[in-house]
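The primary structure of each chain is shown beneath.
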Amino acid sequence: MHHAYLAVLLAFTLSLNIVAFVCMWAKTRQLDIPNERSSHTVPTPRGGGIAIVITALVCVAVLYWGGHLPASQALALGGGGALIALIGHWDDRKGLSASLRLIVQVAIALAVVVVVGGVRVLPVGAQMWEPGVIGGIVAVVGLVWMINLTNFMDGIDGLAASHTVFVGLAGATLLWQADSLGLAAFMLLLATASAGFLVFNWAPATIFMGDVSSGFLGLAIGVVAIASAQDVNLWAWGILMTPFIADATITRAMRIRLYGDFFGAHRAHVYQRLSRKLGGHAPVVVRFWVLSLAVFLPLAVYVAHHPAIGWIVMPVVWLVSFATAYRLGAGRDDEDA
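Residues numbered from 1 in each chain as written. Predicted model: local features only at pLDDT ≥ 70, side-chain atom pairs only at ≥ 80, totals over all residues. Heavy atoms only, no water.

**Quick notes on the layout of surface pockets**
The space that makes up the second largest pocket amounts to roughly 790 Å³. Lining the second largest pocket are 24 residues, and of these H3, A4, A7, A185 and L188 lie nearest its centre. Taken together, the elements giving at least two residues each to the lining of the second largest pocket come down to α1 (2-26), α2 (50-65), α6 (159-177) and α7 (181-201). Its residues assigned to classes, the lining of the second largest pocket shows 19 nonpolar, five polar and no charged. (1 Å grid on protein atoms, 1.4 Å probe; cavity = no way out; pocket = protein on both sides within 12 Å on 5 of 7 lines; lining within 4 Å. Points joined across faces, edges and corners; volume = space filled by probe spheres on them. Helix = DSSP H or I, 4+ residues; strand = E, 2+ residues; numbered from the N terminus. Nonpolar A, V, L, I, M, F, W, Y, C, P; charged D, E, K, R; others polar.)

This is the structure:
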């Protein structure tokens, strides 16, 4: 047990120190300048999320060398994660077209799903469904959406990092209970690395995450969900990620429907609208945490222990959450709300 405490301490310290270094470096080289679509008002360094990436990749290597992660999972998390982070870093520094970024993401997601073997089984009632090729296709699409929705939800101080802390700790607990100890350790350390970054990212943020890390987090959580589908069913993972899935999905759908806006920047996410209404970023993040702990965590735990009913519970949770996001004005500009 003392090894686990030491690993958490080292991961937190490594992440914290890397963020501190990036803060000094990025002040003159990589600033996020506010514009009409921004939720911040002063130039702020970005790219600090690379601390999460480096720390997580080090943890993957250590867990693999220690025999706690099989080669397939280590390759998917380490190799796929590093490539997504590299693309994100390039986008932070130079900028990439949305179409090129999407093509690369699909290629990486496809490779990762093949490496981990796709979704082998999915509980539907009393039966265990083997989705086969269909499951693989859905997994690729879902993984690409996870990469992007985490990026979309990284728009106010502390939200993406704190949600990763929540999902990491909750996922680690469920995986530990299912005796999937390697992935449980990874999720715990991912949450720890995100907590180290959160020290600098809590409102008012000293540094922003950047695309280098937001896409990585989406991929990492998605890979763990797919790889552990036999231990912690996908229904439970879907419920844990509901706040991000609902906000990002309804917002993008409404942007396309109302404005023909497939990829453009905006300030129309529910969390952005709430930050303006509540007068700050921290009140929104706190509300996300309360909702996650009071509603989504108990439901995810229940479904993890009663997988036969998950195929009903998760869609109902999503339907209610999607409707709530719509009622809160997701995707609509202020003048149209």
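**Regarding empty space enclosed by the protein**
This model, assessed by the stated rule, comprises three cavities of 30 Å³ or more. By volume, the largest cavity amounts to about 110 Å³. I84, I87, G88, D91, R101, Q105, I147, N148, N151, D211, S214 and G215 together form the lining of the largest cavity. When contributions to the lining of the largest cavity are tallied by element, the ones reaching two or more residues are α3 (71-93), α4 (98-116), α5 (132-152) and α8 (211-227). Of all the elements, α3 adds the most residues to the lining of the largest cavity, at four residues. Residue classes in the lining of the largest cavity are distributed as three nonpolar, six polar and three charged.

**Digging into the nonpolar core**
Judged by nonpolar contacts, the single largest core of 85 residues is most densely connected at L77, F186, M187, L190 and W237. No other element matches the eleven residues that α8 contributes to this core. In this structure, F186 is in contact with A56, V60, L63, L77, A220 and V224, ignoring residues within four places of it in sequence. Within the second largest apolar cluster, five residues are counted, among which are I250, M254, V270 and A325. (Core = buried A, V, L, I, M, F, W, Y, C linked by side-chain atoms within 4.5 Å. Buried < 20%, exposed > 50% of the residue type's maximum accessible area, 1.4 Å probe, protein only. Contact = heavy atoms within 4.5 Å.)

**Re the packing of aromatic side chains**
Applying the stated criterion across every chain, the model contains three aromatic pairs. On the numbers, 5.8 Å between centres and 75° between planes, the contact of F166 with W289 is edge-to-face. With F166 in helix α6 and W289 in helix α12 (residues 282-305), this pair connects stretches of sequence that are 123 residues apart. Centre to centre, the rings of W318 and F322 are 6.0 Å apart; their planes meet at 35°, and the pair counts as tilted. Placement of both W318 and F322 in helix α13 (residues 310-327) is noted, with a separation of four residues, approximately one turn of the helix. One residue, R252, lies across the ring of F152, its end atom 4.9 Å from the ring centre. Positioned over the ring face of Y326 is R332, at 4.7 Å from the centre of the ring. (Phe/Tyr/Trp six-rings, centres within 6.5 Å; stacked < 30°, edge-to-face > 60°. Lys NZ or Arg CZ within 6 Å of the ring centre and 35° of its normal.)

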